[in-house]
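Breakdown of the fold
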Amino acid sequence: MLERCDFVVLRGGSSKKGRRTNILRELIDHMRAYRDVSYGITVDGSRGPRHVMKPGALAIARATGSPLYRVHVACRPNLRAPTWDRTILPLPFSRITILFEGPTFCPVDVSAAEFERIRLDLETDLEATYARAEAHADDPRLGCATDDRRTGCLLLRPGEFLTPIRRTRVLEAVAESEALAS
């Protein structure tokens, strides 16, 4: 479906032993070649378990210097597929919440222990993003402000998900929030 909408899709997964290493290298090379593109990675992998972050996305962020943003999509009403990841299928006229939070950076020279700490922190933060997006879908008065650069939270308004968020705009927001913090 993504390819039919003119997205570039790089398929990976942990089902075949050699495939995972190759896709990481391919994605890192692609990200270095196309610096102004936003990438989406399902961090709990192709087989789960659900909401357990695999190290691949963080390894890619470390290799490219790219920021990681946590994203969750929630909608009401919906159907949930009986799969390990509980894929959601919006019903007609659903209210859709798309929540972006972050950024998180991974230093290039990070130790293995620090890398694992960052991964676990991201996993915890992903759960919080999930909870906030789901709460907002249940009651739009809950959750973060529509655009709060101070906390790194961006809640898209209806129709905005159709507009690509260019990496340059995202990095400008990061620089602005860092300037406010200092």
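Residues numbered from 1 in each chain as written. Predicted model: local features only at pLDDT ≥ 70, side-chain atom pairs only at ≥ 80, totals over all residues. Heavy atoms only, no water.

Thoughts on unusual backbone geometry
Leaving glycine out, the prevailing phi sign among residues is negative, and the prevailing peptide bond configuration is trans. Backbone torsion omega between Arg 76 and Pro 77 reads -10 degrees, so that peptide bond is classified as cis. In this structure, Pro 77 sits in strand S1 (residues 68-80). A cis amide bond links Gly 102 to the next residue, Pro 103, at an omega of 10 degrees. Tracing the sequence through the fold places Pro 103 in strand S2 (residues 88-104). Even without glycine at this site, His 51 takes up a positive phi of about 70 degrees. Even without being glycine, Phe 93 reaches a positive phi, approximately 65 degrees. By the element assignment, Phe 93 lies in strand S2. (Helix = DSSP H or I, 4+ residues; strand = E, 2+ residues; numbered from the N terminus.)

Considerations on the packing of helix H2 (residues 56-64) against helix H3 (residues 112-138)
Following both chains from N to C, one finds H2 and H3 inclined at 120 degrees, their axes separated by 10 Å at the closest point. In terms of their interaxial angle, H2 and H3 are classed as oblique. Handedness of the H2/H3 crossing: right-handed. Facing Leu 58, Ala 59 and Arg 62 of H2, the residues of H3 in contact are Phe 115, Ile 118, Arg 119 and Leu 122. Within the contact of H2 with H3, the residues separate by chemical class into five nonpolar, no polar and two charged. (Axes fitted to C-alpha atoms, helices over the stretch in contact; angles between N-to-C directions. Parallel < 35°, antiparallel > 145°, perpendicular 65-115°, else oblique. Left-handed = near helix turned anticlockwise from the far one by under 90°. Contact = heavy atoms within 4.5 Å. Nonpolar A, V, L, I, M, F, W, Y, C, P; charged D, E, K, R; others polar.)

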